[in-house]
Structures are given as structure tokens and as C-alpha cells.
Amino acid sequence: MFLCLFLFSCKKDWLQRESKSLILEEQVWNDPKQITSLLANFYDRLPSDIGLTDLTDPSDGRYSDGRYTQWRNMADYDEGMWSGQSNQDGRNNLTSYATDRWLLWNYSLVRDINLTIENIEKLGTALDAPTKLQFTSELRFLRAFNYFQLVKRMGGVPIITNQLIYDYSGEASSLRHPRNKEAEVYNFIDSELEAIKNTLGNVSTNSNPPAASNSRANKYTALALKSRAMLYAASIAKYNALLTPSLTTAGGEVGIPAAMANGYYQKSLDASLELINSGVFSLSANPANPALGFYEAVTKKSGNKEVIFVKDFLTAKDKRHNFSYDNIARGIREDNLSSSSISPSLNLVEASDFLDGSPGVLKNKLPNNSDYIYYDNPGDIFQNKDGRTGGTILYPGSSFKGSTIEMLAGVMVWNGSTYQVVEGTQLGAVWGGAAYPTGDGKLLTGSSGPHRTIQEVSNTGFYLRKYIDEASLSSTRGVRSDIWWVWFRLGEIYMNATEAAFELGQTSVALTHINKLRERAGFPANSLTTLTLDKIISERWVELAFEDHRLWDLIRLRKAHTTWTGVSSNPASVVSALYPYRIIRPGDAARNGKYVFEKITAPRFRAPRFFQMQNYYTFIPQNIIDNNPLIVRNPLQ
Amino acid sequence: MKYIINCLACLLLVFITGCSKDNKDAPNATINGKVVFENQPLGLRSNGVQLELWQPGYQLFSKIPVHIDQDGTFSAQVYDGSYRLTMLRGSGPWADKTDSIVVDVKGTASIDFPVDPFFVIKNANFVKAGNNINATFNLQRVNTTKNLELVRIYVGQTIITDQTNNAGTAQKAAAVITDLSQPVTLTVPVPSSLSAKDFVFVRVGVKTVGVAELLYSLPVKIAMK
């Protein structure tokens with residue numbers, strides 16, 4: 001007994017041991033590794049309207065922490081439509097956009113960031129000052145990024161920069177904050193980015209030019225966000241007053257005074273030029289094959305000098321997505337299900353010019369409409385098209401992953417006076433055999449369609465190429481893809497510089513930048529000599545299609561309600577398709593066996609896109625107003 | 001077994017008796033009304049323009065949106081009580097006004113909601129001439145704070161014919177309409193999709209600069225045969 005006492009009583013605090021399963025606050029905020037993994041969580045929670053993943057909460061359409069990226073939304077505007085499984089056909093039948101469609105109120109993320117900033121300051125005593133400063137800067141970047149996502153959807157929102165802590169007094173009204181002005185939120189983003197851009201780190205200066213991280217925020221990421229956010233503020237200031245003067249609130253929560261436009265344009269231009277002139281990034285190009293060069297500029301991960309900030313995925317760490325599985329062209333899919341869900345529209349294809357500078361409307365009929373134009377090969381109609389078209393989409397005759405995309409909608413048989421159209425009932429059908437005894441035994445319907453009714457085959461005659469993985473088996477559910485999502489790339493910064501310079505009257509600066517992008521796409525040098533805003537909008541669309549820009553560009557320029565008018569006779573509201581047919585006309589060597597193209601409204605597309613005035617600012621939900629009566633409603637709410 | 005039957009019997013009892021308690025009756029009072037200018041109802045776009053109904057006196061309250069039909073009428077099903085009817089700012093083709101109208105509802109209530117439009121269409125007259133429809137009408141400028149942008153004629157297959165639902169339109173810009181004291185004429189060809197029908201509906205609309213919604217004449221049915 002005594003022996004026992006002597007043996008064990010010596011060690012002090014023997015019963016006080018460190019927990020193996022709990023981490024204390026002091027341990028978290030003093031350990032750079034743990035703070036970094038917390039940062040990874042915050043990066044992952046940045047919201048976007050479209051993305052590569054499939055994060056939708058079944059109850060209200062968004063995760064409670066605001067995490068929200070939904071690739072299917074690519075089918076909801078005019079870039080494309082839904083050709084996948086028919087249970088999502090509602091995307092082709094949106095009679096109008098819901099007033100809460102773009103709702104975002106993710107103060108849970110703002111609070112987590114504020115909490116982290118405050119705790120690093122208070123409890124991170126073992127961190128050295130530069131580390132602390134870098135972490136704090138990075139967190140402030142994430143917060144600014146999130147406020148940008150909020151303000152572009154909701155208008156001015158309350159700017160909260162510290163934790164709001166309830167004191168259990170029974171009176172919570174001190175925690176209520178009114179909405180800030182829309183301009184104040186943009187100014188907050190601007191001042192935050194200016195304050196932190198030189199302390200963000202994440203740039204390696206060992207090389208010349210320095211190499212910047214493209215998955216963590218750094219000086220150039222901050223400049224890119226500033227370039228975009230200031231452009232948004234400027235165009236809202238200018239075009240809200242001009243085109244939609246009723247979209248304001250008395251307190252300025254919505255609506256930026258028109259007088260502020262030029263200041264914002266200048267800030268955007270300065271940030272764009274600083275980023276472009278830094279030399280850290282360069283437009284990646286492939287003059288021999290502009291389409292491949294453009295595809296790789298967005299999608300290729302190794303040695304990419306164009307992307308500035310991405311949401312990265314990595315197969316080795318099992319951070320993967322199904323985007324390629326869901327969207328690869330039907331004829332070259334590697335799995336036995338899915339494919340072809342998003343099919344790009346003819347609208348997008350025709351938005352890009354021909355390389356000789358002529359407008360990009362595809363020539364399928366003679367100018368007087370009397371007859372078709374007969375092409376030797378299905379791909380010939382796309383000859384000399386802007387390289388970005390071939391880099392963004394796959395059209396009949398394109399090759400991808402070593403295979404040619406075989407597309408044919410049917411045959412047109414000449415009966416002596418007119419063409420009779422025959423379309424197959426299944427993919428890969430043959431014009432011949434028992435079903436068509438008069439046929440020639442050659443192809444009737446391509447292995448990749450297009451087809452009017454079959455699901456998971458293109459309904460528009462085009463397939464997506466951007467963001468589709470070229471790696472073997474990446475379109476299977478077993479392997480999946482780790483292509484990254486691009487938040488910012490240099491191509492956008494060039495477009496931002498173009499637009500800001502154009503609005504400031506510096507047309508030569510604007511032309512320099514837009515022409516560089518067109519050169520990369522295969523145009524000769526200085527292909528544009530004059531500019532209009534509409535030209536900039538369509539070039540921006542061609543450059544940045546499917547990168548979560550089209551909707552926001554039309555909103556900030558107040559063009560959405562005049563573009564998507566909900567009228568089926570307005571071609572801009574309707575997703576159009578291009579169907580290739582083979583001609584059967586024996587005895588007419590100039591036409592027989594050639595290919596013609598028919599432009600139609602995509603058969604599965606039902607309701608024209610309809611963007612109404614109340615869609616410019618998403619309605620604020622009633623429960624938020626109930627909790628905080630200081631929140632004023634948005635216009636038309 | 002007996003236990004299960006007992007349980008089921010209990011559940012049945014709950015189902016039978018549970019409903020009547022705590023359940024409120026559905027709203028049984030009706031507010032009917034129309035949007036008027038000089039006692040005349042105004043034509044609008046169906047599902048386009050909204051009024052708001054508020055019931056004060058509760059801690060938490062939200063509006064009851066009241067959508068106006070194409071002929072300027074509206075109705076809402078509510079409980080008896082005192083409500084306030086007000087405009088949704090920027091929603092209709094008229095000047096904003098923050099005053100509200102008190103509506104006391106007991107069973108039914110019928111109200112006229114007077115507005116201050118920018119332009120109204122008077123004496124609209126439609127004539128079929130061959131394959132065209134000719135419209136003649138007068139524009140009256142009421143509230144002069146905003147300017148005329150254009151006038152447009154719509155032809156459609158149903159009585160809901162407007163900016164969004166139509167088969168064919170034609171328009172005249174404000175620059176062409178110099179004298180508002182003179183009647184304005186517009187001609188629209190009947191589209192081929194409608195030319196074989198027994199009848200079509202036509203109406204004209206007037207758009208004010210900076211206002212999204214148009215103000216329309218009431219739809220008129222034109223016999224095609």
C-alpha cells in the first residue's frame with residue numbers, strides 16, 4: 001500500500017492529460033496547418049450560380065451555409081438547354097424566373113470568417129506577425145468575395161465585419177443591422193481589396209516573372225476581383241439610371257448614382273491594367289489550332305499561365321466531380337448512362353464572328369432563301385469560324401478524345417418537287433434495311449444525334465467541350481473528372497479592360513485588348529476597328545460562355561429584360577438548334593450526298609426565356625424581414 | 001393482435017376528431033375592384049401589374065399581393081377585417097403614390113382604385129382591311145413627368161393578348177407621333193398562323209420611357225370571316 005503511494009504520487013498532474021479527441025481554441029488558432037484547413041473549408045463554400053458540382057439543398061435550393069453551385073443552371077439561360085434525362089425538362093419550360101431564384105443570404109459564412117479573424121487576433125499568440133497578417137488578409141479576401149456574390153444578387157446588404165454575439169438579455173434588437181447602400185457594399189469590396197492586396201502572399205518570387213498560386217488568394221486574385229466588382233458597380237450606376245430608373249429604393253439600398261459610374265470604370269481599368277502589365281499571367285494560345293488553344297486555356301491544368309483563380313479538384317485526393325460524365329458528347333461516352341445534359345445553343349454559335357470579320361450567322365440557305373447551301377462535309381459550314389466556338393463546343397465533324405463526333409439528324413429525299421425529311425427513331429440508324437427499303441444503306445441518324453425526342457442526346461446539334469475532361473475514362477462514374485472551375489482568368493480581365501476603357505472613351509485602349517483576344521481565337525491582328533457596347537457584350541459571351549458570366553453581364557448592363565422578353569417570336573429568348581441532313585437526290589451530282597442544315601427552335605425547348613423587372617434584384621425572404629424589420633424590401637417586392 | 005386493433009382504433013379516433021379542432025376556416029370574404037382613371041377601367045398585361053394588400057395590427061405581417069387582370073379588375077380572398085390597399089412602387093404604368101386606401105371587408109367589398117397614369121388610350125377603334133388590322137386611337141397625356149416611348153399594336157389568339165402573349169405586333173416610336181391631339185394609326189398584318197381562325201383579338205399599348213409595363217386598350221375581338 002505504501003509502496004503504491006510512493007510509486008504513483010511522484011508525478012504531478014498525472015490525471016490531467018491532453019484530450020485525444022478534442023481540440024482547444026488555443027490549439028486551433030496557433031497552428032498554421034489547422035487554420036489552413038479551415039481556409040480550405042471557406043474556399044469551398046464560396047457560392048456561384050453555375051459551377052461544376054451539384055450542390056443543391058432539396059428543401060430550399062441552397063445549402064444552409066450558402067454553399068451553392070449548380071452546373072445544371074447552364075441550361076437555364078440562352079447559352080444552352082437541357083438535353084439530359086427528361087426529369088429535368090422543366091429547365092426548358094421556365095415560363096418566368098422566380099423572384100427568389102438567385103437568393104443568397106449566407107451570413108453563416110460571413111460569421112465564420114469574422115470569427116476566425118477575431119480569434120486569430122485574440123488567441124493566436126504563438127503565430128508570428130507576418131503569418132497572422134497573411135491569414136487575416138486571406139480571410140478578408142474571402143469575405144470581400146462573398147459580399148460581391150451577395151450584392152450582385154440582392155443589392156445592398158448589411159456589411160457585418162465582426163461577430164454579432166447575443167448577450168441573453170432578452171433584447172436582441174442591438175444585433176439588427178439595416179441594409180447598406182449598394183454603392184457602399186461595392187466601396188467596401190474596393191477598400192478591403194486595396195488594404196490587403198500587398199499582404200496576401202501566396203506568390204513565389206523565386207522565378208521571374210513571379211509565380212502566383214491559382215487556388216489561393218494573392219495580390220493578382222485581389223486585382224482580378226477588383227477589376228470585375230468595379231466594372232459591375234460602374235455599369236449598374238450607368239445603365240440602371242438610363243434604362244430602368246424605377247429600380248431604386250429611397251435609402252439607396254438599390255441603385256447607384258449615375259455620377260459614380262466613371263470613378264468605378266477608372267478603378268476597374270486600373271486594376272485590369274495592373275494585372276495585365278504585371279506579366280505574371282499570359283494568354284495561352286495555339287496559332288496552329290486556335291480552337292484547341294482556347295480549350296486548353298481554360299481546361300488544361302499543367303503549366304497554365306492564363307487562369308488566375310480556380311476551384312481545383314484532384315482525383316488523387318478523391319475531390320472529383322461528375323461534370324464530364326453528365327455532359328460528354330453521346331457518341332463518345334464511356335459510361336452506359338447520362339451524357340449530353342447541357343447542349344449549347346445556336347444562339348451562342350452565331351454570336352461569334354467568322355475569321356474574315358463577317359457576322360457569325362451560319363449560312364444554311366441562299367441569300368434569297370430559294371434553296372439550301374450544299375456542303376461536302378457536315379463540318380464545312382463552320383469553316384473559318386472564330387476559334388473560340390470550336391474551343392467551347394463540339395459541332396458536327398469536330399473531333400474530341402481521338403474520335404470524330406458523328407452528327408446527322410436524318411436524310412432529305414428529293415421526290416421531284418420538294419424534299420421529304422426522314423429522321424431515324426434511334427441513334428446510329430441506317431437509311432436502308434427493312435425499315436427503309438428504298439434506302440442506300442448509309443447513315444440516317446448520327447451516333448451523337450441530334451435527335452428531337454431521345455433523352456441524353458443533343459437536342460440542339462451541339463455538345464459542350466469547355467470543362468469536359470479529355471482524360472481517358474473521366475466520363476465514367478467510377479473514375480470521374482478533376483477539371484477545375486475557373487473563377488478568374490486573364491481572358492476576362494482583357495474583356496473587363498476593353499469595356500471599362502470603351503466606357504471611358506479610351507477606344508484605342510479598348511481595341512488593343514479586345515483584338516488580342518480575337519488574335520488568340522484565330523483572327524488577324526487588329527481585326528476590329530470600331531466598337532459598340534453590343535459588340536463587347538457578344539464578344540464577352542463568346543469568350544466567357546459557361547463560366548457564370550452571361551446572366552450577370554445582362555443583369556448589370558440592364559439588358560436582361562430586353563433580351564429575354566418571354567416572346568416566342570424574339571429569337572434571343574428562344575434556344576435555337578441546327579440540324580444537319582444528308583441529301584438523297586440521285587441524278588443531281590451537285591446535290592446528291594451533300595449536307596444541308598436546318599435552323600429550328602430546339603424541339604424540347606418549350607417556353608421562351610422571360611426575365612422581368614423584378615428579377616434584377618432577388619426578393620428578400622419574409623423570414624429575414626420578420627427577424628430584422630430594419631431590412632427594407634427590394635424594388636417591386 | 002388485440003393490441004394492434006386497439007392502436008388502430010385509437011388512431012382512427014384521432015383522425016376523425018382531430019381535424020375539426022384548431023383549424024381555421026378558409027378566407028371567406030372577397031375584395032373585388034378595378035383600377036380606374038376617370039372612372040374607366042385601364043387595360044393592363046395579365047399577370048404583370050400588382051397591388052399590395054396590408055393588414056395592420058399584427059407584430060409580424062407581410063403583404064398580400066393582388067395581381068391585376070388584363071381588363072384592370074382584381075380580386076382577393078381574405079378574412080373579414082380592415083385592410084389597406086396600396087401600389088407596388090414602379091409596378092404599373094402610372095405615377096407612384098404612397099397613399100393607401102382603407103378597405104373594410106365584411107363578406108364582400110368593392111372598390112375602385114384610382115391611379116394617375118402617364119398616358120391613356122381613348123377611342124380605340126379596330127378595322128379589318130384585307131389581311132391587315134388597322135387601329136385608330138387617341139393618346140391622352142395625363143401625368144407629364146415622363147415621356148412617351150412608343151405605341152404598339154398586338155394581335156393574338158386569346159383575350160390575353162399583350163407584350164408577352166401575342167402572335168404579331170407593329171409599333172410607332174414617339175418621334176413619329178408629334179401631335180397628341182390627332183388620332184394615331186397603326187397597322188398590323190394578321191400572321192399566317194392566325195389568318196385561318198374565326199376571330200383574333202387585338203389591342204394597342206402605350207409605353208412610357210423608363211416604365212416597364214405598358215398601358216393597353218381593352219382587348220377587342222375581330223371576326224376574320
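### Overview of the overall build of chain A
Thinking step 1. Helix and strand counts for chain A stand at 18 helices and 16 strands.
Thinking step 2. The C-alpha radius of gyration of chain A comes to 28 Å, within 12% of the 26 Å expected for a compact globule of 637 residues.
Thinking step 3. When the backbone C-alpha atoms are referred to their principal axes, chain A occupies close to 110 × 70 × 55 Å.
Thinking step 4. Burial analysis of chain A (637 residues in total) assigns 48% to the buried set.
Thinking step 5. Contacts spanning at least 24 positions in sequence make up 68% of the contacts within chain A whose residues lie at least 6 apart.

### Some thoughts on the overall build of chain B
Thinking step 1. When you go through chain B residue by residue, the secondary structure sums to one helix and 16 strands.
Thinking step 2. Every one of the 225 residues in chain B was classed for burial, and the buried ones make up 32%.
Thinking step 3. For chain B, long-range pairs separated by at least 24 residues make up 63% of all intrachain contacts whose partners lie at least 6 apart in sequence.

### Brief notes about the sheet that holds strand β10 (residues 132-141) of chain B
Strands pair in a sheet through their backbones, by hydrogen bonds, and they do so in one of two ways: parallel or antiparallel.
Residue and element names in this part refer to chain B.
Thinking step 1. Read from one edge to the other, the open sheet built from three strands follows the order β9-β10-β13, with strand pairing classed as antiparallel. Every other strand in the sheet has two partners, leaving β9 (119-129) and β13 (184-189) as the edge strands with one partner each. Averaged over all pairs of adjacent strands, the angle between their axes in this sheet comes to 25°, without regard to strand direction.
Thinking step 2. Of the pairings in the sheet, the one linking β10 to β13 comprises six bridges and is antiparallel in character. By the bridge assignment for β13, A135 is matched with L186.

### Focus: the domain arrangement of chain B
Residue and element names in this part refer to chain B.
Thinking step 1. Here chain B is partitioned into domain 1 (29-114) and domain 2 (119-223).
Thinking step 2. Computed from C-alpha coordinates alone, the two centres of domain 1 and domain 2 are separated by 26 Å.
Thinking step 3. Of the residues lining the interface, 13 residues belong to domain 1; the matching set on domain 2 comes to 18 residues.

### Examining the interface of chain B and chain A
Thinking step 1. At the junction of the two partners, chain B supplies 10 residues and chain A supplies 11 residues.
Thinking step 2. Here the side of chain B that touches chain A is built from residues that sort into four nonpolar, five polar and one charged.

### Considering the packing of helix α3 (residues 32-44) of chain A against helix α5 (residues 129-154) of chain A
All names here are of chain A.
Thinking step 1. α5 packs onto α3 with a crossing angle of 10° between their chain directions and a minimal axis gap of 11 Å. The angle between α3 and α5 places the two elements in the roughly parallel class. Facing P32, I35, L39, F42 and Y43 of α3, the residues of α5 in contact are T131, F135, E138 and L142.
Thinking step 2. Here the contact of α3 with α5 is built from residues that sort into seven nonpolar, one polar and one charged.

### Quick notes on the nonpolar core
Thinking step 1. Within the largest apolar cluster, 202 residues are counted, with the highest numbers of intra-cluster contacts made by A224, A233 and A234 of chain A together with A135, V202, V204 and L215 of chain B.
Thinking step 2. Sort the elements by how many residues they give to this core and helix α7 (residues 219-243) of chain A lands first, with 13 residues.
Thinking step 3. For this core, the two domains that each supply at least three residues are domain 1 (29-114) and domain 2 (119-223) of chain B.
Thinking step 4. The contact partners of L215 of chain B, leaving out residues within four places of it in the chain, are L42, G43, L44, P93, P117, F119, V120, I121, G205 and V206 of chain B.

### Examining the confidence of the model for chain A
Thinking step 1. Mean pLDDT for chain A: 91, with 96% of residues reaching 70 or above.
Thinking step 2. Taken as a whole, residues 58-62 of chain A scores under 50 in pLDDT and shows three contacts with residues more than four places along the chain or in a different chain.

### A look at the packing of α7 of chain A against helix α8 (residues 261-277) of chain A
All names here are of chain A.
Thinking step 1. Packing of α7 against α8 leaves a shortest axis separation of 8 Å and a crossing angle of 155°. Taken together, α7 and α8 sit at an angle that is classed as roughly antiparallel. Relative to α8, the crossing made by α7 is left-handed. On α8, the residues that touch Y220, L223, A224, K226, S227, M230, L231, A233, A234, A237 and K238 of α7 are A261, Y264, Y265, K267, S268, A271, S272, E274 and L275.
Thinking step 2. Broken down by class, the residue content of the contact of α7 with α8 amounts to 13 nonpolar, three polar and four charged.

### With respect to the sheet that holds strand β4 (residues 64-67) of chain B
All names here are of chain B.
Thinking step 1. If you walk across this open sheet you meet the four strands as β4-β3-β6-β7, and the pairing is antiparallel. A strand with exactly one partner marks an edge of an open sheet, and here the two such strands are β4 and β7 (101-105). If you compare each strand with its neighbour and ignore which way they point, the axes differ by 35° on average.
Thinking step 2. By the bridge criterion, four bridges tie strand β3 (residues 50-54) to strand β6 (residues 81-87) in an arrangement that is antiparallel. Residue pairing for β6: W54 is matched across the bridge by R84.

### Overview of the environment of R606 of chain A
Residue and element names in this part refer to chain A.
Thinking step 1. Mapped onto the secondary structure, R606 falls in the loop between β16 (595-601) and α18 (622-627).
Thinking step 2. Overall, the presence of 17 C-beta atoms within 10 Å leaves R606 in the partly exposed class.
Thinking step 3. Remark: the alpha-carbon pair of R606 and V574, spanning 32 residues in sequence, is separated by 8.7 Å.
Thinking step 4. Contact partners of R606, with chain neighbours within four places excluded, come to N92 and N93.

### So, the environment of N30 of chain A
Residues and elements named next belong to chain A.
Thinking step 1. Note on placement: N30 falls in the loop between α2 (25-29) and α3.
Thinking step 2. Each C-alpha atom, one on N30 and one on N277, is 38 Å from the other, the two residues being 247 residues apart in sequence.
Thinking step 3. Residues contacting N30, with those up to four places away along its chain left out, are G124, T125, A126 and L127.

### Observations regarding unusual backbone geometry
Thinking step 1. Residue P209 of chain A is bonded to the preceding N208 of chain A through a cis peptide linkage, with omega at 0°.
Thinking step 2. Turning to its location among the elements, P209 of chain A is positioned in the loop between β2 (203-204) and β3 (211-212).
Thinking step 3. Geometrically, the link from G449 of chain A to P450 of chain A is a cis peptide bond, its omega value of 0° lying close to zero.
Thinking step 4. Within the secondary structure, P450 of chain A sits in the loop between β12 (442-443) and β13 (463-464).
Thinking step 5. Located in the positive-phi region is E38 of chain B, a residue other than glycine, with phi close to 50°.

### Quick notes on the confidence of the model for chain B
Residues and elements named next belong to chain B.
Thinking step 1. Considering every residue of chain B, the mean pLDDT works out to 87; 95% of them sit at 70 or more.
Thinking step 2. Within chain B, the lowest mean pLDDT, 71, falls on helix α1 (residues 2-18), and the highest, 93, falls on strand β15 (residues 215-216).
Thinking step 3. Among the prediction metrics, the complex's ipTM stands at 0.77, with pTM recorded as 0.90.

Calculation criteria
Residues numbered from 1 in each chain as written. Chains lettered and ligands numbered in written order. Predicted model: local features only at pLDDT ≥ 70, side-chain atom pairs only at ≥ 80, totals over all residues. Helix = DSSP H or I, 4+ residues; strand = E, 2+ residues; numbered from the N terminus. Rg over C-alpha atoms; globule rule 2.2 N^0.38 Å. Buried ≥ 20, exposed ≤ 12 C-beta atoms within 10 Å, placed from the backbone. Contact = placed C-beta atoms within 7 Å. Pairing = 2+ DSSP bridges. Axes fitted to C-alpha atoms, helices over the stretch in contact; angles between N-to-C directions. Domains from an automatic or database assignment. Nonpolar A, V, L, I, M, F, W, Y, C, P; charged D, E, K, R; others polar. Parallel < 35°, antiparallel > 145°, perpendicular 65-115°, else oblique. Core = buried A, V, L, I, M, F, W, Y, C linked by C-beta atoms within 7 Å. pLDDT = per-residue confidence, 0-100. Left-handed = near helix turned anticlockwise from the far one by under 90°.

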